[in-house]
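# Observations on the three-dimensional arrangement
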Amino acid sequence: MESSVLLEKAAVENLIPQKFPFVMIDCMFSYSQTGLVSGLKIQDSNIFLEENIFLEAGLIEHMAQSVALHTGYQFFLKNETAPTGYIGSIKDIQIKKLPQINDSIQSNVTILQEFAGVTLVDIVTFLNNEEIASGQMKTVLAK
């Protein structure tokens, strides 16, 4: 698991379109043109908590926002404003375990294909080095 933080919460929130209370990432551990590692410590104020369990919808939103962070950081590096993106499709999502309050999760995003504003990614989410969720997403940038 990644341990040094490249971007913290305030910087991350400036790079994604989601705003409180809908932000499901709070740090970025690494970035490359072909991938990213993001993180989230699940706080008691999270809107996707139910009886101290982080729900499936929260995990999927965390995964999607990790893709948005990759795009946002890519545009930031070019000194450009990132356009809004949308989830085009979600495929083969597997959720093996749900994290709990105060757990820290990390998602590894791997860019499989990027063309004309459409990005296809593999995402794997971990809790304490254990894979808890995975899947593919396709995102589309607004024109």
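Let me sum up the structure you'll find in this document. (Residues numbered from 1 in each chain as written. Predicted model: local features only at pLDDT ≥ 70, side-chain atom pairs only at ≥ 80, totals over all residues. Heavy atoms only, no water.)

Another aspect to go through is the overall build of the chain. Helix and strand counts for the chain come out as two helices and eight strands. Secondary structure elements of the chain occur, N-terminal to C-terminal, as α-β-β-β-β-α-β-β-β-β. Whereas a compact globule of 143 residues would reach a radius of gyration of roughly 15 Å, the chain reaches 14 Å, a difference of no more than 12%. Taken along its principal axes, the extent of the C-alpha atoms in the chain is 40 × 30 × 25 Å. Taking all 143 residues of the chain together, 41% fall into the buried category. Contacts spanning at least 24 positions in sequence make up 63% of the contacts within the chain whose residues lie at least 6 apart. Total accessible area computed for the chain in this model is approximately 7700 Å², and 49% of it derives from carbon and sulfur atoms. (Helix = DSSP H or I, 4+ residues; strand = E, 2+ residues; numbered from the N terminus. Rg over C-alpha atoms; globule rule 2.2 N^0.38 Å. Buried < 20%, exposed > 50% of the residue type's maximum accessible area, 1.4 Å probe, protein only. Contact = heavy atoms within 4.5 Å. Areas by Shrake-Rupley, 256 points an atom, 1.4 Å probe, with all protein chains shown as cover.)

The description of an aromatic ring pair rests on the distance of the ring centres and on the angle between the ring planes. Applying the stated criterion across every chain, the model contains three aromatic pairs. In textbook terms, an aromatic cluster arises when at least three aromatic residues are bridged by ring pairs, as seen for Y31, Y73 and F76. The ring of F75 is capped by K78, whose NZ or CZ atom sits 4.5 Å from the centre of that ring. (Phe/Tyr/Trp six-rings, centres within 6.5 Å; stacked < 30°, edge-to-face > 60°. Lys NZ or Arg CZ within 6 Å of the ring centre and 35° of its normal.)

All right, on to the environment of Q106 then. On the secondary structure map, Q106 appears in strand β6 (residues 104-115). Note on Q106: relative accessible area 7%, which makes it buried. Expressed as a C-alpha distance, the spacing of Q106 and G39, which sit 67 residues apart in the sequence, is 4.3 Å.

Sheet topology places β6 next to strand β7 (residues 118-127); 10 bridges connect them, and they run antiparallel. Bridge pairing in β7 links E114 to T119. The hairpin turn running from β6 into β7, its antiparallel successor, is two residues long, and A116 in that turn takes a positive phi close to 50°. As defined by bridge partners, β7 adjoins strand β8 (residues 130-141) across 10 bridges and the pair is classed as antiparallel. Bridge pairing in β8 places D122 opposite Q136. (Pairing = 2+ DSSP bridges.)

Attention shifts here to the sheet that holds strand β1 (residues 27-32). Taking strand neighbours across the sheet as the criterion, the six strands line up as β1-β2-β6-β7-β8-β5 in an open arrangement whose pairing is antiparallel. Bordering the open sheet on either side are β1 and β5 (85-95), each of which pairs with just one other strand. Averaged over neighbouring strand pairs, the angle between their axes works out to 20° when direction is ignored. Here helix α2 (residues 56-77) sits on the sheet and contacts β1, β2 (35-41), β5, β6, β7 and β8; the angle it forms with β8, its principal contact strand, is near 55°. (Axes fitted to C-alpha atoms, helices over the stretch in contact; angles between N-to-C directions.)

The next thing to look at is the nonpolar core. Ranked by internal contacts, the top residues of the largest apolar core, which has 30 residues, are F54, L69, I105, V109, V121 and I123. Going through the elements one at a time, α1 (9-15), β2, α2, β6, β7 and β8 are the ones with two or more residues in this core. Of the residues forming this core, the biggest block, seven residues, is contributed by α2. Setting aside residues no more than four positions away along its own chain, V109 makes contact with T34, G35, L36, S66, V67, V121, D122 and I123. (Core = buried A, V, L, I, M, F, W, Y, C linked by side-chain atoms within 4.5 Å.)

With that out of the way, let us pick up the pattern of salt bridges. Enumeration according to the criterion identifies three salt bridges in this entry. A salt bridge links K9 to E13; the shortest N-O distance between them is 3.9 Å. In this pair, K9 and E13 both sit in helix α1, four residues apart, roughly one turn of the helix. The partly exposed category is assigned to K9, whose relative accessible area is 47%. (Salt bridge = Lys/Arg side-chain N within 4 Å of Asp/Glu carboxyl O.)

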